[in-house]
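The chain contents come next:
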Amino acid sequence: MHFRDIPQIDKIINDDKFKDYVKPLLTYIAKNEIASIRQKLQDKKDLNLSQDDIFEIISKKYDKFNRQKLQKVINATGVVVHTNLGRSLISEEIFDSVKNTICHASNLEYDLQNGRRGERYTFISNLASILFGCEDALVVNNNASAVFLVLNTLAKNKEVIVSRGELVEIGGSFRVPEVMSSSGAILKEIGTTNRTKIQDYENAINENTGLLLKVHRSNFDIVGFTKSASLQEISALGKDRNLPSYYDLGSGYLGELPYCLSKDEPSLDKIANSVDLLSFSGDKLFGSVQCGIILGKKKYINQLKKNQLLRMLRVDKITLSILNLTMFAYLNHSYNQIPTLNLLNRSEGELVEIGEFIIDKVGLKDISITKTNTYVGGGTMPNKKLPSIAVALDGDAINLERKFRDKNVIGRIEDDKFMLDLKSVLKSDINELVEIIKEVLSDE
């Protein structure tokens, strides 16, 4: 290949092969590829590329770039709150309802009754008070932000007392000790890994104590010879010593959960007043949009609102609009508008019916229904299994996993079989999944 064989950029981007491509992106990729070819020729490397070869390379680079953009996938892993797949889903009904608000000007910070500047948290606070029975509420962009804001506001340059058994690390290397350090709080470890008593909290209190903290062990469990101080004990001690108590719950739910998931995991309305402040993620078990919801005493929420850092951590109109309607759905018992609850509450019988429908429509022998177990996901209830039903496919499991992933279907491999766990598959995706299964198996 010679320099004269290299096609011009204009010729590339105007070729019919690329007529539907985004021109600025195509130009960027083409320039980089042509520059790379020129450099190799300058380095005396032997290249045997035709114009068609170069066009094909550019096309593949373009597709590879596009593959990274956010796009729909079918979650057939069985994990309902899958962190890598966007956690909780938003119902189309709620999304359609908020479009009119977010696509137009809104009263985000405007008081329609009095015709003056308002506060973006007023309505959500009133909703939370009704829903959870708390005095006040605040919403930030995720629960990590909630933890940071609480510690920075109430315990900067002061000690925060926390059990050694609760110094957790969650996804993304978010570690409680490190967020404490970043917030300006000073870590005061008490107890042991497996046992911490209320006396340990009491003995650690001194003139520089700023906060009593309890952290939910949401992504691991300690069993055997264990003990931990209860929320009620920590709250009572805080009141007695005039210290705020805070529970970093991580993942909170409301109402009842199936399959005994609620055991030892009380509903938010049962614990919202157990401590001075409590925070949890909106997009985990609560089944809404990503945010950090802080519930608690009005005097402490007011202190959080006065922290200048809140402006960096606050949520926008889209988040608030969706969260508002999720809370309304809970208030109105319209649980059909909360996909996370719907998916978790599916019975084995319902999943078997879906599996039988899929097998009937696919019409091939290389597919069967199997019983399996899955988990909630999202760092929630790690040791509590959920019974589920999966469609198992015969063949090379690794190869099948790749082929389905290429078509944006994410399953899992179990016992050397590729499986599509139906616990996490939306009903609206079932017909599409059938067609994809047909396509993949017909190529086997």
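The structure displayed is predicted, hence computed values, not measured ones.

Engineer: What am I meant to see in the sheet that holds strand S11 (residues 277-281) here?
Structural biologist: Sheets are built from strands paired through backbone hydrogen bonds, the pairs being either parallel or antiparallel. Reading across the sheet, the 7 strands line up as S4-S12-S11-S10-S9-S5-S8 and stay open at both edges, with mixed pairing between neighbours. Strands at the two margins of the open sheet, each flanked by one partner only, are strand S4 (136-140) and strand S8 (186-190). On average, adjacent strands in this sheet sit at an angle of 25° to one another, irrespective of strand direction. Pairing between strand S10 (residues 245-251) and S11: 5 bridges, direction parallel. By the bridge assignment for S11, Ser 251 is matched with Ser 281. The sheet contacts of helix H6 (residues 143-155) involve S4, strand S5 (159-163), strand S9 (209-215), S10, S11 and strand S12 (292-296), and relative to S11 the element is tilted by about 160°. Those strands touched by helix H9 (residues 231-241) are S9 and S10, and its axis lies near 170° from that of S9.

Engineer: I tried to follow the UniProt feature "modified residue: N6-(pyridoxal phosphate)lysine" (unreviewed entry) in the protein on my own but got confused; where do I start?
Structural biologist: This chain's UniProt record puts "modified residue: N6-(pyridoxal phosphate)lysine" (unreviewed entry) on Lys 284. Classification of Lys 284 by relative accessible area gives buried; the value is 6%. Every residue in contact with Lys 284, bar those within four places of it in the chain, is listed here: Val 81, Arg 87, Ser 88, Gly 250, Ser 251, Thr 340, Gly 378 and Thr 380.

Engineer: Got a minute to help me understand the packing of aromatic side chains in this structure?
Structural biologist: One pair of aromatic rings is described through two measures. These are the centre distance and the angle between the planes. Within the structure shown, the criterion is met by 10 aromatic pairs. Measuring from centroid to centroid gives 6.0 Å for Phe 123 and Phe 328, while their planes differ by 35°, and the two rings are tilted. With Phe 123 in helix H5 (residues 122-132) and Phe 328 in helix H13 (residues 317-331), this residue pair connects regions lying 205 residues apart in the sequence. By relative accessible area, which is 42% here, Phe 123 ends up partly exposed. Judged by its relative accessible area of 39%, Phe 328 falls in the partly exposed class. Seen in terms of ring centroids, Phe 286 and Tyr 330 are 4.7 Å apart; in terms of plane orientation they differ by 15°. Their pairing is stacked. Taken together, the residues span a long stretch of sequence, with Phe 286 in the loop between S11 and S12 and Tyr 330 in helix H13 at a distance of 44 residues. Of the residues examined, Phe 286 reaches a relative accessible area of 0% and is grouped as buried. An aromatic cluster is defined as three or more aromatic residues linked by ring pairs; in this entry it consists of Phe 132, Phe 280, Phe 286, Tyr 330 and Tyr 335.

Engineer: Explanation requested: the sheet that holds strand S17 (residues 417-421) in the structure shown.
Structural biologist: With antiparallel pairing, the 4 strands of this open sheet are ordered in space as S13-S14-S17-S16. Across the chains shown, the open sheet's two edge strands, defined by having one partner strand only, are strand S13 (367-374) and strand S16 (412-414). Ignoring which end each strand starts from, the neighbouring axes of this sheet average 45° apart. Pairing of S16 with S17, which is carried by 3 bridges, proceeds in the antiparallel orientation. In the sheet register, Arg 412 faces S17, and the bridge partner there is Met 419. Lying over the sheet, helix H15 (residues 348-362) contacts S13 and strand S14 (386-393), oriented at roughly 150° with respect to S13. Across the sheet, helix H16 (residues 397-406) lies against S14, S16 and S17, angled at about 40° from S17, the strand it touches most.

Engineer: Can you help me understand the nonpolar core in this one?
Structural biologist: Generally speaking, nonpolar side chains in soluble globular proteins are found buried as a group. Grouped together as the largest cluster of nonpolar side chains are 74 residues, with contacts concentrated most on Phe 132, Phe 286, Ile 294 and Leu 295. Take this core: its biggest share by element is 7 residues, from H6. No fewer than three residues from each of domain 2 (74-85 + 341-443) and domain 3 (92-337) sit in this core.

Engineer: Please clarify how helix H4 (residues 92-102) should be interpreted in this entry.
Structural biologist: One full turn of an α-helix is made of 3.6 residues, so residues set three or four places apart face in the same direction. Taken together, the buried positions of H4 are occupied by Ile 94, Val 98 and Ile 102. Along the axis of H4, the buried residues cluster in a sector spanning 65°; they form a single face. The exposed set on the far side of H4, more than 90 degrees from its buried face, consists of Glu 92 and Asn 100. In the core, the buried residues of H4 are packed alongside H13.

The rules behind these values
- Residues numbered from 1 in each chain as written.
- Predicted model: local features only at pLDDT ≥ 70, side-chain atom pairs only at ≥ 80, totals over all residues.
- Heavy atoms only, no water.
- Pairing = 2+ DSSP bridges.
- Helix = DSSP H or I, 4+ residues; strand = E, 2+ residues; numbered from the N terminus.
- Axes fitted to C-alpha atoms, helices over the stretch in contact; angles between N-to-C directions.
- Contact = heavy atoms within 4.5 Å.
- UniProt positions renumbered as here; feature names shortened; annotations may be inferred.
- Buried < 20%, exposed > 50% of the residue type's maximum accessible area, 1.4 Å probe, protein only.
- Phe/Tyr/Trp six-rings, centres within 6.5 Å; stacked < 30°, edge-to-face > 60°.
- Core = buried A, V, L, I, M, F, W, Y, C linked by side-chain atoms within 4.5 Å.
- Domains from an automatic or database assignment.
- Arc of directions from axis to C-beta.

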